[in-house]
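Descriptive structure summary
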Amino acid sequence: MALEHALLVSLSEQSGSGYELARRFDKSIGYFWSATHQQIYRVLKRMAAAGWVDGEVVGQDGRPDKRVYRVSDAGRAELRRWIAEPTDAGHLRNELAVKIRAAAHGDLDELRTEVARHRDAHAGRLDLYRLIEKRDFPAPQQLAGTDLHQYLVLRGGIRVEEGFTAWCQEVLDAL
């Protein structure tokens, strides 16, 4: 997935300035696809040049004007094309798994510390996702459209974090 597509998804849900988009990105899609604010601004310029987004300058009191971006017809067409494109199932790339595989060649105490750090980080993210689920989706059976789609991605994140946290604990128990 190119960053362009992640930004098209976010802008399809709500138009916004580069700054607003970067902040929203940090709180939602950013959990699944990371990008710096500078990358977002660069890509927005490319997307505007490609005709995928339109930018409108909006004046602000006491602050510099901002450019608010919206997905254009060409951007919606690109998003439809990309959604229909087969996704590469690929392989799980996980540096921690390679380190565990090489455990016989390293310091087991240091490896245990690293696995515990990963377990704790994933458990923290799992707690955050569960809070978001409880706060934003109290009645998931009633969801439809964009809300349902966002909920399903959040559920995927919850499942991944549950699995990774449990796997790290399994590794620690075995080591």
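With an unreviewed UniProt entry as reference, the chain is termed DNA-binding transcriptional regulator, PadR family, source organism Rhodococcus tukisamuensis.

Take the environment of Leu154 next. Relative to the helices and strands, Leu154 resides in helix H7 (residues 145-174). For Leu154, a relative accessible area of 8% translates into the label buried. Taking the C-alpha atoms as reference points, Leu154 and Ala2, separated by 152 residues in sequence, lie 20 Å from one another. Those residues in contact with Leu154 that lie beyond four places of it in its chain are Tyr129, Ile132, Glu133 and Phe137.

It is worth spelling out the pairing of strand E3 (residues 63-71) at this point. Pairing between strand E1 (residues 16-17) and E3: two bridges, direction antiparallel. Across the sheet, Ser17 pairs through a bridge with Val68, a residue of E3. Relative to E3, strand E2 (residues 53-60) is paired through seven bridges, and the arrangement is antiparallel. Residue pairing across strands places Gln60 opposite Arg63, the latter belonging to E3. Hairpin geometry of E2 and E3 is characterised by an intervening segment of two residues between the two adjacent antiparallel strands and by a positive phi of about 75° at Gly62.

Below, the discussion takes up the pattern of salt bridges. For the structure on display, the rule yields 13 salt bridges. Between Glu20 and Lys66 there is a salt bridge, and its shortest N-O distance comes to 2.7 Å. Here Lys66 lies in strand E3 and Glu20 lies in helix H2 (residues 18-27), a separation of 46 residues in the sequence. A salt bridge links Glu56 to Arg70; the nearest nitrogen and oxygen atoms lie 3.4 Å apart. Taken as a pair, Glu56 in strand E2 and Arg70 in strand E3 lie far apart in primary sequence, 14 residues in all. Overall, the relative accessible area of 42% leaves Glu56 in the partly exposed class.

Each value, and the rule that gives it
- Residues numbered from 1 in each chain as written.
- Predicted model: local features only at pLDDT ≥ 70, side-chain atom pairs only at ≥ 80, totals over all residues.
- Heavy atoms only, no water.
- Helix = DSSP H or I, 4+ residues; strand = E, 2+ residues; numbered from the N terminus.
- Buried < 20%, exposed > 50% of the residue type's maximum accessible area, 1.4 Å probe, protein only.
- Contact = heavy atoms within 4.5 Å.
- Pairing = 2+ DSSP bridges.
- Salt bridge = Lys/Arg side-chain N within 4 Å of Asp/Glu carboxyl O.

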